[in-house]
Amino acid sequence: MAGILVYALHDDEGNFNKNSLGAVSEAARLAGELGTEAAAVVIGDVADDKVAALGAHGATKVFRAKNVADGLAQPAVDVMAKVITDGGYDYALFGGGLLGLEIGAGLAARLAGGVTVEVTKVKVDGGSLVAERPILQDSEIADVTFDGGLGVIVGRLNAFEAKESGGSAAIEDIEVELSDFSSKSELVTRGEQRGEAVDIEAADVLIGGGRGLGEAEGFRACEDLAATFPNGAVAATRAVVDSGWYPYAAQIGQTGKTVAPKLYLAVGISGAIQHKVGMASSENIVAINKDENAPIFEFADLGVIGDLNKIVPALTEALKARG
Amino acid sequence: MKICVLVKEVPDAAAPRKIDPGTMRLDRSGATTLNEFDKHAIEAAMQLKAGGELGVDEVVVLTMGPNAKVLQTAVSYGLDRSVHLADDALAGSDVAATGLALAKVLEAESPDLVLLGQQSDDGECYAMGAVVAEHLKMPSLTQVVKMDVEGGKLRCERQAEYGYDTVAVSLPAVISVGDAINEPRYPGLKDIMGAKKKPVDTKSTADAGIDAGQVGEAGSKTKVIALNPPPQKEAGEIITDEDTAATVEKIVSWLEERKLI
């Protein structure tokens with residue numbers, strides 16, 4: 001049966017992540033239009049009642065490889081390649097994320113297919129899937145098709161919305177022999193949270209700090225500004241988290257959190273795609289940056305070109321003065 | 001032990017980027033430069049060589065594309081020699097086809113470690129490492145931000161969307177590195193002067209044993225069939241700070257209008 005196969009990522013408790021459930025929903029929608037079915041692959045010993053979430057989101061079948069440890073890409077390529085070869089799937093769909101990129105790319109190479117990443121939308125045209133992929137800093141959208149062989153589509157994070165359809169999936173446990181090279185990496189620790197815990201998802205106003213702050217100390221000005229709002233908090237870009245300026249729990253973007261506050265005030269943030277995907281749905285976006293060519297000015301509602309070291313403290317004072 | 005570093009020539013960040021509507025490919029006729037992410041892979045290779053734990057004898061840089069200029073830039077960081085895969089048959093290769101071609105050249109080099117940047121500045125696919133590793137049948141990890149030699153293996157850390165993973169990878173392996181892994185050095189004058197004298201081995205697809213039918217536009221399974229502008233978002237208001245008091249006043253009234261304060 002030709003169809004769409006989805007990789008469903010889960011945590012150690014067997015809870016599927018939002019993007020995987022979104023990919024299952026999207027695959028079910030597309031399969032409906034194509035007149036075929038959507039199936040999912042689960043790696044690891046996830047209980048039936050947890051796996052049921054995939055059926056509820058539209059998968060009609062779930063392949064579960066209990067004997068394979070989850071968390072690394074290459075064993076997942078072995079599992080998915082076997083399911084695709086045995087079942088004749090035409091497409092593999094991923095909800096995004098690091099593992100999705102790695103598994104998707106490896107799978108395309110293994111099965112001599114094609115891979116398109118960072119896909120924001122998928123449509124059906126003439127019985128085939130067409131993936132919309134923004135390119136050149138989102139200035140154009142390329143329509144990509146697959147010309148024979150497996151088509152691998154890796155979504156951009158949050159591109160596919162998880163929708164419960166109330167269905168159920170048949171679970172088939174499969175045994176997969178891993179490739180020699182797939183077993184040569186060892187996952188020492190997984191999903192480690194570093195730095196202090198901060199809650200940015202509940203804030204109405206987020207002050208996002210980026211590399212433009214110049215140093216870790218620069219975050220103090222962001223914290224002062226955030227404190228002038230009743231429910232304000234400080235968020236950060238990956239670059240500054242990697243540099244140890246701010247805790248990982250505050251990171252927005254591709255490998256961090258996704259937020260949609262009433263106001264996102266970006267300070268010294270250039271607005272690269274990796275950051276944009278985590279905050280573009282904010283109701284109001286204000287950006288302060290000295291580089292007038294920063295991509296963030298293309299999607300900010302209010303852009304201020306200037307020196308943040310002058311503007312941020314002055315803004316903080318002005319807001320404090322209002323009381 | 002041998003390390004191969006994969007690099008890519010990309011349009012200069014300052015040059016406007018556009019797609020040639022005839023070929024649906026990126027117009028590469030303007031100023032070009034070494035992909036910024038690749039500098040971190042070069043630096044990682046140099047640090048592994050200097051560290052001595054792996055006994056690295058040679059660091060070889062490899063690129064695919066019409067121009068060799070980027071290789072000269074790469075060896076000016078102190079790398080030993082370069083391999084240039086260039087052939088008209090390769091034009092229009094997608095990420096899977098490019099990875100296949102690069103893997104063929106790497107096979108002949110038989111490296112103990114392949115390093116590359118996590119993404120190209122133009123294609124932004126994050127996928128090349130996984131494709132190359134699959135063809136070479138080597139373990140692989142991408143977007144690595146910390147890498148240490150431990151018991152002959154590489155202990156790698158990377159940040160996934162659910163937290164940090166630490167993975168021990170056996171060699172030979174393919175590792176793509178993120179920009180947080182190191183601060184790339186600046187090439188020294190002596191290395192810049194010496195770069196021209198370092199050997200460049202130029203290969204065609206036939207030399208590398210690449211089946212021309214599997215690469216280039218014909219061998220690529222993805223096809224760009226159309227380009228469309230993104231949905232238009234209403235342009236935001238842009239102000240330039242000339243008088244900070246006035247700028248702040250504008251921001252405050254903007255926030256007030258939207259009942260954000």
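Everything in this summary refers to the structure shown in the same document.

So, about the packing of aromatic side chains. Describing an aromatic ring pair means giving the distance of the ring centres and the angle of the ring planes. All names here are of chain A. One pass over the structure, following the stated rule, counts five aromatic pairs over all chains. Between Phe63 and Tyr89 the ring centres are 6.3 Å apart and the planes differ by 90°, which places this aromatic pair in the edge-to-face class. In this pair, Phe63 is assigned in strand β3 (residues 61-65) and Tyr89 in the loop between α3 (73-87) and β4 (91-94), connecting sequence segments 26 residues apart. Pair check on accessibility: Phe63 and Tyr89 agree, each one buried.

Another aspect to go through is the sheet that holds strand β9 (residues 140-150) of chain B. Judged by pairing direction, the sheet is mixed, and its ten strands sit side by side in the order β11(A)-β11(B)-β10(B)-β9(B)-β12(B)-β8(B)-β1(B)-β6(B)-β7(B)-β13(B) without closing on themselves. A strand with exactly one partner marks an edge of an open sheet, and here the two such strands are β11 (185-192) of chain A together with β13 (200-203) of chain B. This sheet shows a mean twist of 30° between the axes of neighbouring strands, independent of strand direction. With four bridges connecting them, strand β1 (residues 2-7) of chain B and strand β8 (residues 113-117) of chain B associate as parallel partners. By the bridge assignment, Val5(B) is partnered in β8(B) with Leu115(B).

Turning to the pairing of β9(B), a few remarks are in order. Residue and element names in this part refer to chain B. In terms of burial, β9 is largely enclosed, as eight of its eleven residues are buried. Where β9 lies against strand β12 (residues 173-177), three bridges are found, and the strand directions are parallel. Looking across to β12, one finds that Leu141 is bridged to Ile175. Taken together, the six bridges between β9 and strand β10 (residues 153-160) define a ladder with antiparallel strand orientation. In the strand pairing of β10, Lys146 is matched with Glu157. Two successive antiparallel strands, β9 and β10, enclose a turn made up of two residues, where Gly151 displays a positive phi of approximately 60°.

Residues and elements named next belong to chain A. Residues Leu5, Tyr7, Met80, Phe94, Ile103 and Leu107 are the most contacted members of the largest nonpolar core, which totals 68 residues. Every residue in contact with Ile103, bar those within four places of it in the chain, is listed here: Tyr7, Ala73, Ala76, Val77, Met80 and Phe94. Ala235, Val241, Met279 and Val304 belong to the second largest nonpolar core, which has 55 residues in total.

Here we come to the interface of chain B and chain A. Interface size, as often reported, equals the accessible area lost upon joining of the parts. Taken together, the contact between chain B and chain A spans 70 residues of the former and 83 residues of the latter. Carbon and sulfur atoms supply 57% of the area buried between chain B and chain A, which totals about 6800 Å² over both sides. Where chain B meets chain A, there are five salt bridges. The partner of Arg194(A) in a salt bridge is Glu157(B), with the nearest N and O atoms 2.9 Å apart. For the pair chain B and chain A, the interface holds 34 residue pairs in polar contact (both at pLDDT 80 or more). Residue assignment for the side of chain B that touches chain A shows that the elements contributing at least two residues are α3 (95-109), α4 (128-136), β9, β10, β11 (163-169), β14 (222-228), β15 (237-240) and α8 (244-257) of chain B. With eight residues, the single largest contributor to the side of chain B that touches chain A is α8(B).

Most peptide bonds adopt trans geometry, and most residues besides glycine take a negative phi value. In this chain, Leu171(B) is followed by Pro172(B) through a cis amide linkage whose omega measures 0°. Mapped onto the secondary structure, Pro172(B) falls in the loop between β11 and β12. Here the phi dihedral of Ala112(A) falls at roughly 50°; this positive angle occurs in a residue that is not glycine. Position of Ala112(A) relative to the elements: it lies in the loop between α4 (98-110) and β5 (114-119). Classification of Ala112(A) as partly exposed rests on a relative accessible area of 43%.

This paragraph deals with the pairing of β4(A). All names here are of chain A. Here β4 shows a buried face lined by Tyr91 and Leu93 and a second buried face lined by Ala92 and Phe94. Inspection of the sheet shows strand β1 (residues 3-7) paired to β4 by three bridges, in the parallel sense. The partner of Val6 across the bridge, within β4, is Leu93. Judged from the four bridges that link them, β4 and strand β9 (residues 151-155) form a sheet pairing that is parallel.

Moving on, we get to the side chain of Thr244(B). Of note, Thr244(B) is situated in helix α8. Sequence-distant contacts of Thr244(B), defined by excluding residues within four places in its chain, comprise Lys310(A), Ile311(A) and Ala314(A).

Further remarks concern helix α2 (residues 48-56) of chain A. What α2(A) keeps buried is the set Val51(A), Leu54(A), Gly55(A) and Ala56(A). In this structure, the buried residues of α2(A) make contact with α1 (18-34), β2 (37-43), β3 and β10 (170-173) of chain A.

As a further point, take α4(A). Residues and elements named next belong to chain A. For α4, built from 13 residues, the straight-helix expectation of 18 Å at 1.5 Å per residue is met to within 8% by its first-to-last C-alpha distance of 18 Å. Taking burial as the measure, the 13 residues of α4 include twelve buried ones, the bulk of the element. For α4, every residue scored as buried is listed here: Leu98, Leu99, Gly100, Leu101, Glu102, Ile103, Gly104, Ala105, Gly106, Leu107, Ala108 and Ala109. Phi turns positive one or two residues past the end of α4, at Ala112, with a value near 50°.

Parameters at a glance
- Residues numbered from 1 in each chain as written.
- Chains lettered and ligands numbered in written order.
- Predicted model: local features only at pLDDT ≥ 70, side-chain atom pairs only at ≥ 80, totals over all residues.
- Heavy atoms only, no water.
- Phe/Tyr/Trp six-rings, centres within 6.5 Å; stacked < 30°, edge-to-face > 60°.
- Helix = DSSP H or I, 4+ residues; strand = E, 2+ residues; numbered from the N terminus.
- Buried < 20%, exposed > 50% of the residue type's maximum accessible area, 1.4 Å probe, protein only.
- Pairing = 2+ DSSP bridges.
- Axes fitted to C-alpha atoms, helices over the stretch in contact; angles between N-to-C directions.
- Core = buried A, V, L, I, M, F, W, Y, C linked by side-chain atoms within 4.5 Å.
- Contact = heavy atoms within 4.5 Å.
- Buried area = accessible area lost by both parts, 1.4 Å probe.
- Salt bridge = Lys/Arg side-chain N within 4 Å of Asp/Glu carboxyl O.
- Polar contact = N/O pair within 3.5 Å; in protein donor to acceptor, adjacent residues only side chain to side chain.
- Expected span 1.5 Å × (residues − 1).

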